[in-house]
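Chain residues, written in single-letter form:
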Amino acid sequence: MATTKVTTDVIDMSGNTGGLTWVKGTTAQRTSTKVGDLRENTDTNRAEIYTDQTGTYGWRNLKEETPERSFTVNFLVVAGGGGGGGSNDGYTAGGGGGAGGLRTSFGSNSGGGASAETSVSLEPSTAYTVTVGAGGTAGGGGLTTGPNGGNGGNSEFSGSIPSFSIISDGGGGGGSAYQNPAAPGAGGSGAGSTHYNNTPGTPTANQGFTGGTAYGNQDGNGSGGGGGADAVGSNGGNTAGGGGGAGLPVSITGTSVPYAGGGGGGQWMNSQTSGNPGAGGSGGGGNGGQINLWTGNNGTQYTGGGGGGGSASSTGGSGDVDGGIGGSGIVILRTTKAAATFSAGVVVNGTGPTSAGQSVNGDTTNMPAGQYFYSITTASNSTITFS
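Below is a summary of the structure that appears in this document. (Residues numbered from 1 in each chain as written. Predicted model: local features only at pLDDT ≥ 70, side-chain atom pairs only at ≥ 80, totals over all residues. Heavy atoms only, no water.)

Here we take up the overall build of the chain. Across its full length, the chain holds zero helices and 20 strands. Residues classed as buried in the chain amount to 50% of the 387 residues present. Here the analysis covers contacts within the chain between residues at least 6 apart in sequence; of these, 56% occur between residues at least 24 apart. Within the structure as shown, the chain displays about 16,700 Å² of accessible surface, and the carbon and sulfur contribution to it stands at 48%. (Helix = DSSP H or I, 4+ residues; strand = E, 2+ residues; numbered from the N terminus. Buried < 20%, exposed > 50% of the residue type's maximum accessible area, 1.4 Å probe, protein only. Contact = heavy atoms within 4.5 Å. Areas by Shrake-Rupley, 256 points an atom, 1.4 Å probe, with all protein chains shown as cover.)

Structure follows, in structure tokens:
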């Protein structure tokens, strides 16, 4: 059959919506030997071209790019811990701040006694939102003004392609000891209470536990510890502050680290010469105020630990003392992507604040081959994008 040559300006197929039908056949039916010929091989179901690309004439498959595919990300999202309650030398001790809410897909358990959540499947070249919650403010020890410790800030990891939202609630602020105090804060984990409003804060379901109650309003009595991600805060005792609830150990970075411990309750030391304030829960909870130091200890940064309650003493001259500041939260992401880009102002894996579009390598410390983690300690409605 004679070959008919057609130039490109003769055939106009721009109005068609179907496909151009190529010559097709088995490998044995190949007959052409002209460079540039195209056909569909029905044995391999691949389009092929006759070429001398490698220096030897022959049929070669047309290159097919592998499409970008979704990938799995495990997460740990911990909110900021609540601030510890303040203490007044005439109105007992401050309650411990509740730990920040904890949600994770890594391991067996999540906060509040829940099972670990399902990991998320993300798309390359898509921006996802990250926020790390700040720790709550310290409660005051004023005779009539307080106030209670502040709730911690929420932490978030979310996106729209696909649509998902992981939000952990800030820990509840510890109750302060003053006239007619407000109720201790509800939050990721609930705050410890004082004698004058002795109902501990309510936790968010599947994020943390409730705080403890105060023992009474006598010299030496203790206030309740803040709830933690893995346990309730202890009640105050006759001669001791309640301990903060334990945080939850999570191994998302390859090493088991506890997060979101409750703050220890303070002890009213009106005429005491020695003290026994509540210890902060493992995972960053601050201790209650110590004798001669009085002010509640701060929760540890980047753990979501609650602040400790204040421990006032008239004999020590402390008068009114504040609770401790809650520890800020953290967001940790673990995946197979070796690098990610961030919006401005993010601190990740110790790098930052980032500039807009800055690429940061994933951390491989203690990671199995092909796994990387991104430990984000500062972010406010920021974005992370994996290539």
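Now, onward.
Looking now at unusual backbone geometry. The residue after Ile-161, namely Pro-162, is reached through a cis peptide bond having omega -5°. Locating Pro-162 in the fold gives a position in the loop between strand E10 (155-160) and strand E11 (163-168). For the bond running from Gly-352 to Pro-353, omega is 5°, close enough to zero to count as cis. Phi is positive for Asn-206, close to 65°, though the residue is something other than glycine. Considering the arrangement of structural elements, one finds Asn-206 in the loop between E11 and strand E12 (248-250). Taking relative accessible area as the criterion, Asn-206 reaches 48% and is therefore assigned partly exposed. A positive phi angle is found at Asn-381, which is not glycine, with a value near 55°.

Core analysis: the largest hydrophobic core is formed by 25 residues, its most contacted members being Leu-122, Phe-157, Leu-333, Phe-342, Ile-376, Ile-384 and Phe-386. At four residues, strand E5 (residues 71-78) tops the list of elements feeding residues into this core. In this structure, Phe-342 is in contact with Val-348, Thr-354, Ser-355, Ala-356, Gly-357, Gln-358, Val-360, Tyr-374, Ile-376, Thr-383 and Ile-384, ignoring residues within four places of it in sequence. If you look at the next biggest cluster of nonpolar residues, it comprises 14 residues, including Leu-76, Ala-229, Val-250 and Ala-260. (Core = buried A, V, L, I, M, F, W, Y, C linked by side-chain atoms within 4.5 Å.)

What follows deals with the sheet that holds strand E4 (residues 58-61). Read across the open sheet, the four strands follow the order E1-E2-E3-E4; overall the sheet is mixed. The sheet is open, and its two borders are formed by strand E1 (24-25) and E4, each paired with just one other strand. Bridge analysis of E1 against strand E2 (residues 38-41) gives two bridges, and the strand direction is parallel. Opposite Gly-25, over in E2, you have Asn-41 as the bridge partner. (Pairing = 2+ DSSP bridges.)

Moving on, we come to the side chain of Ser-382. Relative to the elements of secondary structure, Ser-382 occurs in strand E20 (residues 382-386). For Ser-382, a relative accessible area of 3% gives the class buried. Setting aside residues no more than four positions away along its own chain, Ser-382 makes contact with Tyr-128, Thr-129, Val-130, Ser-343, Ala-344 and Val-346.

What follows deals with the packing of aromatic side chains. Tallied over the full model, the rule gives six aromatic pairs. Here the aromatic rings of Tyr-91 and Tyr-196 are separated by 5.3 Å at their centres, their planes lie at 65°, and the arrangement is edge-to-face. Highlighted residues: Tyr-91 in the loop between strand E6 (87-88) and strand E7 (102-104) and Tyr-196 in the loop between E11 and E12, separated in sequence by 105 residues. The exposure class of Tyr-196 is partly exposed, given its relative accessible area of 33%. Among the aromatic side chains, those forming a connected cluster through ring pairs are Phe-71, Tyr-374 and Phe-386. A cation sits over an aromatic face here: Arg-39 above Trp-59, 5.8 Å from the ring centre. Sitting over the face of the ring of Phe-71, Lys-337 holds its NZ or CZ atom 5.0 Å from the ring centroid. (Phe/Tyr/Trp six-rings, centres within 6.5 Å; stacked < 30°, edge-to-face > 60°. Lys NZ or Arg CZ within 6 Å of the ring centre and 35° of its normal.)

Our focus in this paragraph is the pairing of E10. Here strand E9 (residues 127-131) pairs with E10 via three bridges, running antiparallel. The partner of Thr-129 across the bridge, within E10, is Ser-158. Both E10 and E11 contribute to a ladder of six bridges, which runs antiparallel. Its bridge partner being in E11, Ser-158 is matched across the sheet by Ser-165.

Among the secondary structure elements, Thr-335 is positioned in strand E15 (residues 330-335). Between the alpha carbons of Thr-335 and Phe-386 there is a distance of 9.8 Å; along the sequence they are 51 residues apart. If we ignore the near neighbours within four places in the chain, the residues touching Thr-335 are Phe-71, Thr-72, Val-73, Gly-370, Gln-371, Tyr-372, Tyr-374 and Phe-386. A polar contact is formed between the side chain of Thr-335 and the backbone oxygen of Thr-72, at a distance of 2.9 Å. (Polar contact = N/O pair within 3.5 Å; in protein donor to acceptor, adjacent residues only side chain to side chain.)

Below, the discussion takes up the pairing of strand E16 (residues 339-342). Only one face of E16 is buried: it carries Ala-340 and Phe-342, and the other face, with Ala-339 and Thr-341, is open. Pairing of E16 with strand E18 (residues 358-361) involves four bridges; the strand directions are antiparallel. Paired with Phe-342 across the bridge in E18 is Gln-358.

Evaluated as defined, the whole model comprises three salt bridges. Across the pair Arg-39 and Glu-48 runs a salt bridge, and its minimum N-O distance is 2.8 Å. Among the residues examined, Arg-39 registers a relative accessible area of 6% and is labelled buried. Glu-48 gets classed as buried once you look at its relative accessible area, which sits at 1%. Measuring nitrogen to oxygen at the nearest pair gives 2.7 Å for the salt bridge that ties Glu-117 to Arg-103. Taken together, the residues span a long stretch of sequence, with Glu-117 in the loop between E7 and strand E8 (120-122) and Arg-103 in strand E7 at a distance of 14 residues. On the basis of relative accessibility, which here comes to 24%, the residue Glu-117 falls in the partly exposed class. Look at Arg-103 and you get buried, because its relative accessible area is 18%. (Salt bridge = Lys/Arg side-chain N within 4 Å of Asp/Glu carboxyl O.)

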